[in-house]
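Architecture and fold: a report
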Amino acid sequence: MSLQIFLQPVVTLILWTLVIWCWLYATRIPAMNKAHVHPQSAQSPRGDWKQKLPDNVNWVADNYNHLHEQPTIFYALMGTIALLGLQSDAALNLAWAYVAFRVLHSLAQIVGNRVIIRFTCFALASLALIALAIMTALAVFSA
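So, a few notes on the structure that sits alongside this text. Bear in mind the structure is a predicted one, so any value in this text is a computation, not a measurement. (Residues numbered from 1 in each chain as written. Predicted model: local features only at pLDDT ≥ 70, side-chain atom pairs only at ≥ 80, totals over all residues. Heavy atoms only, no water.)

Considering the packing of aromatic side chains
In the structure shown here, the tally under the stated rule is three aromatic pairs. Considering the side-chain rings of Phe-74 and Tyr-98, the 4.8 Å spacing of their centres and the 25° angle between planes classify their relative orientation as stacked. Here Phe-74, found in helix H4 (residues 71-84), pairs with Tyr-98, found in helix H5 (residues 89-112); they are 24 residues apart in sequence, far enough to count as distant. The pair Phe-74 / Tyr-98 is uniform in exposure class, with both members buried. Through a chain of ring-to-ring contacts, the aromatic side chains of Phe-74, Tyr-75 and Tyr-98 assemble into a single cluster. (Phe/Tyr/Trp six-rings, centres within 6.5 Å; stacked < 30°, edge-to-face > 60°. Helix = DSSP H or I, 4+ residues; strand = E, 2+ residues; numbered from the N terminus. Buried < 20%, exposed > 50% of the residue type's maximum accessible area, 1.4 Å probe, protein only.)

Okay, structure coming up:
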């Protein structure tokens, strides 16, 4: 399997994160203007300024933050696999499953924020990530 094909899920999740970044600013800036929130008041993520914004605007921001948490493990694993030449069909399938469930998680959070759907997507993505981590660990430690 080519390295280029193997890294497609990584680039896809990066692009998705940037889509959410655009979505964040496309919704947050107009909402802040409408609520007369001065940008300097947003210096603290725990400030009361967030309460002045609609929930759906905050959901996008929350999801953008989520895309910088657990996916860092995914990026490290995929980099490790690529660096060591451990690419396999199983690893690629798990990577695509992880990305798909993270995208679904984003949409579930941003569009309607149905917690049970978000949780299910997050749990399934986590299981794919755990399987990928175990496969990688077995390959690395058995060498």
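Having seen it, we continue.
A look at a nonpolar patch on the surface
Nonpolar side chains collect at one region of the surface, where Val-11, Ile-14, Leu-15, Leu-18, Trp-21, Tyr-25 and Ile-29 lie side by side and expose about 640 Å² of accessible area between them. Tracing the backbone through its elements, the reader meets Leu-15 in helix H2 (residues 8-34). (Patch = residues over 30% accessible without salt bridge, like charges linked within 9 Å, V, L, I, M, F, W, Y side chains within 5 Å. Areas by Shrake-Rupley, 256 points an atom, 1.4 Å probe, with all protein chains shown as cover. Salt bridge = Lys/Arg side-chain N within 4 Å of Asp/Glu carboxyl O.)

A word on the pattern of salt bridges
On inspection of all chains with the given rule, the structure shows one salt bridge. Residue Asp-62 pairs with Lys-50 through a salt bridge whose shortest N-O separation is 3.8 Å. Here the residue Asp-62 occupies a position in helix H3 (residues 55-66), and Lys-50 occupies one in the loop between H2 and H3, the gap between them amounting to twelve residues. Residue class for Lys-50 comes out partly exposed when judged on its relative accessible area of 21%.

Side note on the packing of H4 against H5
Close contact between H4 and H5 brings their axes to 12 Å; oriented N to C, the two are set at 160°. The orientation of H4 with respect to H5, classified from their angle, is roughly antiparallel. H4 and H5 meet at a crossing whose hand is left-handed. Mapping the contact onto sequence places Pro-71, Phe-74, Met-78 and Ile-81 in H4 and Ala-91, Ala-95, Tyr-98, Val-99 and Arg-102 in H5. Here the contact of H4 with H5 is built from residues that sort into eight nonpolar, no polar and one charged. (Axes fitted to C-alpha atoms, helices over the stretch in contact; angles between N-to-C directions. Parallel < 35°, antiparallel > 145°, perpendicular 65-115°, else oblique. Left-handed = near helix turned anticlockwise from the far one by under 90°. Contact = heavy atoms within 4.5 Å. Nonpolar A, V, L, I, M, F, W, Y, C, P; charged D, E, K, R; others polar.)

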